[in-house]
Amino acid sequence: MRNAFVRACAVVALALPNALSAQSRVFIMKLGSDTVGFERVVRTGNRIEGVIVRHIPAPSMVKYSLVLGRDGHVASFEQGSYRADGTPNAPNPRSGAATVGLKMTFVGDTVIREVPVNGKPVVRRTAVPKGTLPAIGGSWYAYELEVEAARKGGKAYVMSFAANAPVVPDIRVITRD
């Protein structure tokens, strides 16, 4: 009995540092009593990875990753949309914008958005307030980040990819009021 207890303590002692280095959470989306989707988010150090799975209107997944800078603001963001079997969704039929390989890099007061369109990269640079967050469609974790930013600074700025948008960027401002 004592030997089993010592082994169990050793396993916990060895596993605990790994458990402490990664933080995770799950959001479950329900419509009445039906589960229509969920989101799993894992943070390890300065990297946050998330997967959103939903079956309305059709089974699909969104995979994303955020890398935080030393100041805690988002330094880079990548996103892709996939079918339930893991293959990438088809490009947007109107714009030709791909559904995978979407990237944002935040440098000072600029966001650099990269979106493959008809097989060629479209790169847009836009001036944004420091601390601007990427829009993550369907993500409850993104809402959590926005609320946290609004509490800290009074406002949260959110930027979408909008690869074919005119020069005026799509920036949402969220206030704590």
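Our structure is the block above this text.
This section reports on the structure supplied with the text. Everything quoted here is computed from the prediction, not taken from an experiment.

1. A closer look at the pattern of salt bridges
In a structure, side chains of opposite charge can pair up when their charged atoms sit close to one another.
Then, in step 1: Within this structure, the stated rule accounts for 4 salt bridges.
Then, in step 2: The salt bridge involving E148 is made with K152; its shortest N-O contact spans 3.3 Å. Of this pair, E148 and K152 are both found in helix 2 (residues 140–153), 4 residues apart, which corresponds to roughly one turn of the helix.

2. A few points about the nonpolar core
Then, in step 1: Within the largest apolar cluster, 27 residues are counted, with the highest numbers of intra-cluster contacts made by Y64, L66, F77, M104, I136 and Y141.
Then, in step 2: Contributing elements (two or more residues each) for this core: strand 1 (22–31), strand 2 (34–44), strand 3 (47–54), strand 4 (60–68), strand 5 (74–83), strand 6 (102–107), strand 7 (110–117) and helix 2.

3. What about the pairing of strand 10 (residues 155–159)?
Then, in step 1: Bridge count for strand 9 (residues 133–134) against strand 10 is 2 bridges, and the pairing is parallel. The residue of strand 10 that forms the bridge with P134 is M159.
Then, in step 2: Taking the sense of rotation as the criterion, the β-α-β connection linking strand 9, helix 2 and strand 10 turns out right-handed.

4. As for the pairing of strand 3
Then, in step 1: Looking at chain direction, strand 2 and strand 3 are connected through 8 bridges and run antiparallel. Across the sheet, residue R43 finds its bridge partner in strand 3, namely I48.
Then, in step 2: Between strand 2 and strand 3, which pair antiparallel and follow one another directly, the connecting turn spans 2 residues, one of which, G45, has a positive phi of 65°.
Then, in step 3: Bridge analysis of strand 3 against strand 4 gives 8 bridges, and the strand direction is antiparallel. In the sheet register, E49 faces strand 4, and the bridge partner there is S65.
Then, in step 4: Taking the residues between adjacent antiparallel strands as the criterion, strand 3 and strand 4 are bridged by 5 residues.

5. Topic: the sheet that holds strand 7
Then, in step 1: Read across the sheet, 8 strands follow the order 1-2-3-4-5-6-7-8 without closing on themselves; strand pairing throughout is antiparallel. Each edge of the sheet is formed by a strand with only one pairing partner; in this case those strands are strand 1 and strand 8 (120–127). Adjacent strand axes in the sheet meet at a mean angle of 15°, parallel and antiparallel pairs treated alike.
Then, in step 2: Each of strand 1, strand 2, strand 3 and strand 4 touches helix 2; the most contacted strand, strand 1, lies at about 115° to it.

6. Some words on a nonpolar patch on the surface
Then, in step 1: Taken together, the side chains of V26, I28 and F38 present a nonpolar region at the surface, about 290 Å² in accessible area.
Then, in step 2: Within the fold, F38 resides in strand 2.

7. Looking at the layout of surface pockets
Where empty space is left in the structure can be found by rolling a water-sized probe over the atoms.
Then, in step 1: Empty space within the largest pocket amounts to approximately 550 Å³.
Then, in step 2: Contributing to the lining of the largest pocket are 26 residues, with G72, L145, E148, A149 and K152 lying nearest its centre.
Then, in step 3: Contributing elements (two or more residues each) for the lining of the largest pocket: strand 1, strand 2, strand 4, helix 2 and strand 10.
Then, in step 4: Of the residues forming the lining of the largest pocket, the biggest block, 7 residues, is contributed by helix 2.
Then, in step 5: Taken together, the residues that form the lining of the largest pocket break down as 11 nonpolar, 7 polar and 8 charged.

8. Comments concerning the packing of aromatic side chains
Describing an aromatic ring pair means giving the distance of the ring centres and the angle of the ring planes.
Then, in step 1: Applying the stated criterion across every chain, the model contains 2 aromatic pairs.
Then, in step 2: Consider the rings of Y64 and F77, whose centres lie 6.5 Å apart with planes at 45°: the pair is tilted. On the criterion of sequence distance, the pair formed by Y64 in strand 4 and F77 in strand 5 is long-range, its members being 13 residues apart.
Then, in step 3: Residue class for F77 comes out buried when judged on its relative accessible area of 1%.
Then, in step 4: Each ring, one from W140 and one from Y143, has its centre 5.2 Å from the other, and the planes form 75°; the classification is edge-to-face. One end of the pair, W140, and the other, Y143, are both in helix 2, 3 residues apart, so they sit about a helical turn from each other.
Then, in step 5: Judged by relative accessible area, W140 falls into the partly exposed class, the value being 44%.
Then, in step 6: Its relative accessible area of 41% is what places Y143 among the partly exposed residues.
Then, in step 7: Sitting over the face of the ring of Y82, K63 holds its NZ or CZ atom 5.0 Å from the ring centroid.

Cut-offs applied
Residues numbered from 1 in each chain as written. Predicted model: local features only at pLDDT ≥ 70, side-chain atom pairs only at ≥ 80, totals over all residues. Heavy atoms only, no water. Salt bridge = Lys/Arg side-chain N within 4 Å of Asp/Glu carboxyl O. Helix = DSSP H or I, 4+ residues; strand = E, 2+ residues; numbered from the N terminus. Core = buried A, V, L, I, M, F, W, Y, C linked by side-chain atoms within 4.5 Å. Buried < 20%, exposed > 50% of the residue type's maximum accessible area, 1.4 Å probe, protein only. Pairing = 2+ DSSP bridges. Right-handed = clockwise from strand over helix to strand, strands pointing away. Axes fitted to C-alpha atoms, helices over the stretch in contact; angles between N-to-C directions. Contact = heavy atoms within 4.5 Å. Patch = residues over 30% accessible without salt bridge, like charges linked within 9 Å, V, L, I, M, F, W, Y side chains within 5 Å. Areas by Shrake-Rupley, 256 points an atom, 1.4 Å probe, with all protein chains shown as cover. 1 Å grid on protein atoms, 1.4 Å probe; cavity = no way out; pocket = protein on both sides within 12 Å on 5 of 7 lines; lining within 4 Å. Points joined across faces, edges and corners; volume = space filled by probe spheres on them. Nonpolar A, V, L, I, M, F, W, Y, C, P; charged D, E, K, R; others polar. Phe/Tyr/Trp six-rings, centres within 6.5 Å; stacked < 30°, edge-to-face > 60°. Lys NZ or Arg CZ within 6 Å of the ring centre and 35° of its normal.

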